[in-house]
Amino acid sequence: SVSLAVCMTNCPTLIVMVGLPARGKTYISKKLTRYLNWIGVPTKEFNVGQYRRDLVKKYKSFEFFLPDNEEGLKIRKQCALAALNDVRQYLSEENGHVAVFDATNTTRERRETIYKFGEENGYKTFFVESVCVDPEVIAANIVQVKLGSPDYVDCSNDEATEDFMKRIECYKNSYETLDETLDKDLSYIKIMDVGRSYLVNRVMDHIQSRIVYYLMNIHVTPRSIYLCRHGESELNLKGRIGGDPGLSVRGKEFAKSLAQFINEQNIKDLKVWTSQMKRTIQTAEALGVPYEQWKVLNEIDAGVCEEMTYEEIQENYPLEFALRDQDKYRYRYPKGESYEDLVQRLEPVIMELERQENVLVICHQAVMRCLLAYFLDKPAEQLPYLKCPLHTVLKLTPVAYGCKVESIFLNVEAVNTHRDKPENVDISRPTVDALVTVPAHQ
Amino acid sequence: AWASYMTNSPTLIVMIGLPARGKTYMSKKLTRYLNWIGVPTKVFNLGVYRREAVKSYKSYDFFRHDNKEAMEIRKRCALVALEDVKSYLLEECGQIAVRSSALKIALHQGSSNLPGVFFVESVCDDPEVIAANILEVKVSSPDYPERHRENVMDDFLKRIECYKVTYQPLDPDANDKDLSFIKVINVGQRFLVNRVQDYIQSKIVYYLMNIHVQPRTIYLCRHGESEYNLVGRIGGDSGLSARGKQFSQALKKFIEEQEIVDLKVWTSQLKRTIQTAESLGVLYEQWKILNEIDAGVCEEMTYAEIEAKYPEEFAMRDQEKYLYRYPGGESYQDLVQRLEPVIMELERQGNVLVISHQAVMRCLLAYFLDKSADELPYLRCPLHTILKLTPVAYGCKVETITLDVEAVNTHRDKPSLNSHDLPSRQSPGRMRRNSFTPRASADTAKRPRHHSLGSKPLHLLGPLPSLE
């Protein structure tokens, strides 16, 4: 008999971006890739522009993109094929599940070539087209991501903008948008005006449905996300993990400092979220604003190790303690959870954070690490070791293709709860080796 | 400061489309889903109002756009319905009213207490689909009590023609670009989504994009009888008893006899469901969120032990079984929230067999059979019994198949309570309003419950809604 945990996708998926330059294709590719990797679907993006930059060392001008530039056309086709070849290697040889092919792909002919490529290799193809005619949006995109591009490193902003606008013109005449009739058998989502409306056609499977849902929930309105932990708790002081303790004296001070900080930031329509554990609720109470409690924001469940110190864990469960150090992301406490489980239960939080604008999330160490890993695109190996100290607020602001992070320590002392990975993770290691990285406590 | 919720204002969903486009099907399904996840929703069907006003339906002539008298009646019905909608949303604290109508309504804007409006339009140009719809649901409509099938089809098609004259589909490029809507084209082949305003609209869109109408069957059953079942202990992670193993074999035979095409098999991550699936000899998928309800401090106890050790908790649970949360564990309400992704995936799939647990199966069954929160915790889901669910018309056909292997009975009815035995309780503060907390995965944390501040109810502007 066979037992298998079947994953979400059986055959690999090839996502093909479609759209004129400066329509947010790369923004969407990178964001989607980050999201899929975070939820555990190995994904990689392939930016054809990058291949072109590697091949043609120095960008001269928009003339490279003129439709009658034979040399240019040849190089561009070559780059597309090179990228597709790497896609094939990633999906068929390197166990990738999803590849995002980021290029303009504005002609039906080019899309057919890619679709055939997908069919030949056994991939499901899903098109993501971004259509935008609002000149303000396009101008803003150019300022955000094109002016700083390696293509325009020697140009003034005005020169760069002028050249880029001409570049867009090169594509316009041959642009064939996804058509309801001509392309009715393809699977695609057409995003109009940065998410004002969407046209979705023939969603084939679970992963495409998740991708569509994600794309329909993201937005580009400027906003900030504030992440912090509860104030120092009574159990933090004693070096104990988990439990449902209240705030220590210093923790209460932090809550007050947090209230002051939030007031000073003068944030428009700030939403505040906590877990359903006392320490985050008590922290939020000090803010004097409505807040929402999410059970899924509760700290990682340490199962049989709940409320123990690391010393006690080493004494009672030395094998478990070593196994955890060997693979902290996947390791599941007996009768508890793993970081991997945590990511799965936090996915709705991420989805809702994407929908919202200004939000303050008051949570816990492991939870905050998972959320931070999503925003900063940290891989599973690094996630459980991200530094999320008490009494420190991380202010995340989306910028260009990523996220700016400001770390603000609110000047109230607290214990350190961060335990680095020790050198010796062998199951037969001596106690002193196991405990060498445990932070000090009462 | 109390917990704030994600959306406070009610929503009016207006269904749009020619007759036989699946509007009532979608209304009812959507309403069932929203009520199940805890968003009080009600359908207001104009056809029903019309049938009240015009006792006997004669023919499609009623629907001709130049039939002035009929138009007056239909307009009056629409106004009455709107009044009922208003009263449901504002006075009865409902959250969502789904209006099923073949007319495109021009709503009077500018009223400050008008809810957020979301249109759901169903467009279909495939004549086969339309004919199938008519056969499935119209032929048995109260409008056509005695008629011959062909006459019904004929009359109904003429009825559709009456509407086509004045039908104005939603137009996102011009007149309707500021409205919030989803246009469902050809039974979900294609969707056009415009200006989704908030969380609940986003959930509605996601739901509508995941449902389908392909015929299929869902099989629900519990794991085979477990060792703990035998001794009356709840929860835990015990293996199958001898009879439980027999059941697995019988299940295997049953499944083979059913000859189901492309059957998916799902289990929880607890031993007893996995052992049951193993006997089937097919691929199966383990879902952590299908794990049994977490009984917290009462895990692995018998009901007698619980009553002896925690008499107050025991009594409270019998009072309000749906809302009651085991200390350090979960409530049925929590369970529904964590099962939502399972429901969503079941909607997407074809033929599925779900091997789960008593409380979990009750929640899933309540969704398919549209059972209220009051009934849910008392639904009968005995061991060694398979429920075969087949979607039909607006609902679900259920067949109960008891496989011939004895098992203990684990069902506990609601006892008739003597008021003297009840501990003094505060107001039902644990009722969760607007369940807009999205799909949650399992939080099977076994931590002792301390007296946290908990989720206190909002300061209400009106009376608490009932659970119905």
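Residues numbered from 1 in each chain as written. Chains lettered and ligands numbered in written order. Predicted model: local features only at pLDDT ≥ 70, side-chain atom pairs only at ≥ 80, totals over all residues. Heavy atoms only, no water.

Brief notes about the UniProt feature "binding site: substrate" (unreviewed entry) in chain B
All names here are of chain B. Note the cut-off: UniProt positions are given in the numbering used here, feature names are shortened, and annotations may be inferred rather than shown by experiment. Note on contacts: a residue pair qualifies if any of its non-hydrogen atoms lie within 4.5 Å across the two residues. Side-chain atoms alone can form a polar contact between residues adjacent in sequence; in general such a contact is a pair of N or O atoms within 3.5 Å, and within protein one must be able to donate a hydrogen while the other accepts it. Strands are runs of DSSP state E lasting at least 2 residues, helices are runs of H or I lasting at least 4, and numbering of each runs from the N terminus. Each residue is assigned to one of three classes by its accessible area relative to the maximum for its type, calculated with a 1.4 Å probe on protein chains only: buried under 20%, partly exposed between the two thresholds, exposed over 50%.
Per the UniProt record, the feature "binding site: substrate" (unreviewed entry) sits at R222, H223, G224, E225, S226, E227, Y228, N229 and R272. Despite a sequence span of 51 residues, these residues sit close together in the fold, their greatest C-alpha distance being 14.1 Å. Residues contacting R222, with those up to four places away along its chain left out, are N229, F247, I355, S356, H357, Q358, M361, C381, P382, L383 and T410. One polar contact links R222 to Q358, side chain to side chain, over a distance of 3.3 Å. With respect to the secondary-structure elements, G224 resides in the loop between β7 (218–222) and α7 (227–231). With a relative accessible area of 0%, G224 lands in the buried category. Discounting residues that sit within four places of it in the chain, G224 has contacts with N229, L240, G244, F247, R272, T276, L383 and H384.

With respect to the pattern of salt bridges
All names here are of chain A. Our working rule: By definition, a salt bridge exists where a carboxyl oxygen of Asp or Glu is found within 4 Å of a side-chain nitrogen of Lys or Arg.
As enumerated under the stated definition, the model contains 41 salt bridges over all chains in all. In this structure, the salt-bridge partner of D154 is K58, at a minimum N-O distance of 3.5 Å. Taken together, the residues D154 in the loop between α5 (135–146) and α6 (157–172) and K58 in the loop between α2 (48–55) and α3 (70–93) connect sequence positions 96 residues apart. The class of D154 is exposed, set by a relative accessible area of 61%. A single network of salt bridges, built from pairs that share partners, joins R52, R53, D151 and R167.

Some remarks on the nonpolar core
Put simply, the rule is: Only buried residues count toward a nonpolar core, which is a set of Ala, Val, Leu, Ile, Met, Phe, Trp, Tyr and Cys residues joined through side-chain atoms within 4.5 Å.
Within the largest apolar cluster, 116 residues are counted, with the highest numbers of intra-cluster contacts made by A:I189, A:L215, A:L371 and B:I182. Beyond its immediate sequence surroundings of up to four residues, A:L371 is in contact with A:L227, A:L297, A:L346, A:V349, A:I350, A:V361 and A:C363. Counting residues in each nonpolar core, the second largest holds 77 residues, with A:F101, A:I142, A:L147 and B:I73 among its members.

Quick look at helix α12 (residues 318–326) of chain A
All names here are of chain A. Spelled out, the test is: The directions considered for the arc run from the helix axis to the C-beta atoms.
Listed as buried for α12 are F321, A322, R324 and D325. The arc enclosing the buried residues of α12, seen along the axis, measures out at 155°, which places them on a common side. Tucked inside the fold, the buried residues of α12 contact α11 (310–316), α13 (339–355) and α15 (431–434).

Considerations on the domain arrangement of chain B
Reports often express the size of an interface as the amount of accessible area lost when the parts come together. Residue and element names in this part refer to chain B. We apply this condition: Note that the domain bounds reflect an automated or database-derived domain assignment. Here the buried area means the combined drop in accessible surface, using a 1.4 Å probe, for two parts upon being joined, counting both sides.
Domain annotation of chain B identifies domain 1 (7–209) and domain 2 (218–402). The C-alpha-based centres of domain 1 and domain 2 are spaced at 35 Å. Listed per partner, the contact involves 14 residues of domain 1 and 15 residues of domain 2. Interface area, domain 1 with domain 2, both sides summed: about 1,500 Å², of which 64% is carbon and sulfur.

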